[in-house]
Amino acid sequence: MERLLITGGCGFIGSNFVRYWLAQHPESRIVIYDKLTYAGRRENLLDLWDSANISLVVGDIGDQELVRKTCTDESINLIVNFAAETHVDQSILGPLVFTDTNVRGTHVLLEVARELGIRLHHISTDEVYGHIKDEHQSLETDELAPRSPYAASKAAADQLVQAYAVTYGIPVTITRGANNVGPYQYPEKAVPLFSTNAILGEVIPVYGDGLQMRDYAHVYDHCTGIEAVLLRGEIGAVYNVGTGREMTNLEMVDIVLDTLGQDHSLVRHVADRPGHDRRYSMNVDKLRSLGWEPKYDPRQAVAEAARWYAENRWWWEPIRNSEFREYYNRQYAERLAGTQTT
Ligand code: NAD
Ligand code: DAU
């Protein structure tokens, strides 16, 4: 029987993965290990807490003793590491915690995996490749060239995982995901922020000219991609997970506003994110070779996500009415002062 430690399982992708994995593999035992930062929310798994197959340990992945004890007590045979600080804008406002969690935290997990002989699957990101020029699509063998504190911390973690496989021969796999959208994404990220702002009739703050390109992939397809690698991936290998198709942020905004029936005059172009990567794009043929295909195209993924926020105000209204307000003002008040409609 698989006995999984899912770090960051109360976050956006982690909680979607836990729900997906338990539905597909009901015989598995899942231990969620999560610090419950602002982005980690018990309510993301409200429907599952009564299940006998799932439990929660509240802790930091940097706490080596607690990670070791949890893995030993629960006879864990697979760690899937979703835990991270994940928002680029937050990494610009306060970068050090990104190194603590994303680099040192991953390093601690590797040490425990090495000591106890556990397979580790690490969740990395397309941001490790940096800004992608022209028509190129990143291959797993491309050099890493991160450009934000978040991306640099994820690249360091990604390389530590690979170094441990080479040096100590521990069984690892890595997936590098594109920009995910879907249920339970904290509203600091663009699609849930724009959706919830549109629902509330508030303005949509688009950084710069809005022509940056992203592969907006449905979180469901990320979960099936990770599952494919866990079940059929080559040990030691890296796999990109996305749709391989990008759109501009302005196209994404159009889909959100059209889906929610809101007026495009809500759009405001505001001061750009420093060091904003212009384009991400990945080649996903290697994952396809495992028999995986994405179910959603990016347009459907964004529209479906926007609809979820319209239908699930219970989930995001308490967040928007709490400490999120302080962050929002810090990030946007100056940017929005004196902006014009498009
Ligand atoms: P999220 O911010 O929604 O959730 C992160 C989770 O990690 C939360 O539950 C949080 O409480 C937990 N956490 C944070 N610090 C921790 C620590 N020190 N110890 C234990 N738990 C801690 O993030 P997400 O969007 O679900 O991303 C999950 C993973 O996927 C991350 O590794 C991220 O880098 C990666 N990723 C995200 C995307 C995306 O589009 N969101 C795309 C590719 C890769
Ligand atoms: O690409 C994978 C990455 O996707 C993950 O590794 C990160 O964890 C995840 O946060 C996400 O990073 P991005 O920076 O691409 O996502 P975000 O939702 O913050 O922004 C998406 C795009 O929208 C990006 O080009 C910046 C732009 N944007 C974002 C916000 C929050 C705006 O124009 N305005 C905004 O207010």
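As recorded by an unreviewed UniProt entry, the chain carries the name dTDP-glucose 4,6-dehydratase and is attributed to Deinococcus radiotolerans. Of the comments in the UniProt record for the chain, the one headed Sequence similarities (unreviewed entry) reads "Belongs to the NAD(P)-dependent epimerase/dehydratase family. dTDP-glucose dehydratase subfamily." As stated in UniProt under Cofactor (unreviewed entry), the record for the chain gives "NAD(+)".

> What am I meant to see in the domain arrangement of the chain here?
How big an interface is tends to be stated in terms of the accessible area lost upon association of its parts. When the domains of the chain are assigned, the result is domain 1 (3-181 + 217-241) and domain 2 (190-214 + 246-279 + 299-336). Each of domain 1 and domain 2 was reduced to a C-alpha centroid, and the two centroids are 25 Å apart. Facing 24 residues of domain 1, the contacting portion of domain 2 comprises 23 residues. Taking both partners together, domain 1 and domain 2 bury about 1900 Å²; carbon and sulfur atoms supply 50% of that area. Of all residues in domain 1, Asp89, Leu93 and Val181 give up the largest surface area on contact with domain 2, accounting jointly for 27% of the area buried on that side. The tally of links from domain 1 across to domain 2 stands at two salt bridges.

> Quick question: what am I supposed to make of the site of ligand 2 here?
Inspection of the region around ligand 2 gives 26 residues, with Asp126, Tyr150, Asn179, Arg273 and Tyr332 positioned closest. Thr86 is positioned such that a nitrogen or oxygen atom in its backbone is 2.8 Å from an oxygen atom of ligand 2. The separation between an oxygen atom of ligand 2 and a polar side-chain atom of Asp126 is 2.5 Å. Within the residue set of the shell around ligand 2, elements represented by two or more residues are α3 (88-93), α6 (190-199) and β8 (204-207). For the shell around ligand 2, a count of residues per class yields twelve nonpolar, seven polar and seven charged. Here the shell around ligand 2 spans two domains, since at least three of its residues come from each of domain 1 (3-181 + 217-241) and domain 2 (190-214 + 246-279 + 299-336).

The rules behind the values
Residues numbered from 1 in each chain as written. Chains lettered and ligands numbered in written order. Predicted model: local features only at pLDDT ≥ 70, side-chain atom pairs only at ≥ 80, totals over all residues. Heavy atoms only, no water. UniProt positions renumbered as here; feature names shortened; annotations may be inferred. Domains from an automatic or database assignment. Contact = heavy atoms within 4.5 Å. Buried area = accessible area lost by both parts, 1.4 Å probe. Salt bridge = Lys/Arg side-chain N within 4 Å of Asp/Glu carboxyl O. Near = heavy atom within 4 Å. Polar contact = N/O pair within 3.5 Å; in protein donor to acceptor, adjacent residues only side chain to side chain. Helix = DSSP H or I, 4+ residues; strand = E, 2+ residues; numbered from the N terminus. Nonpolar A, V, L, I, M, F, W, Y, C, P; charged D, E, K, R; others polar.

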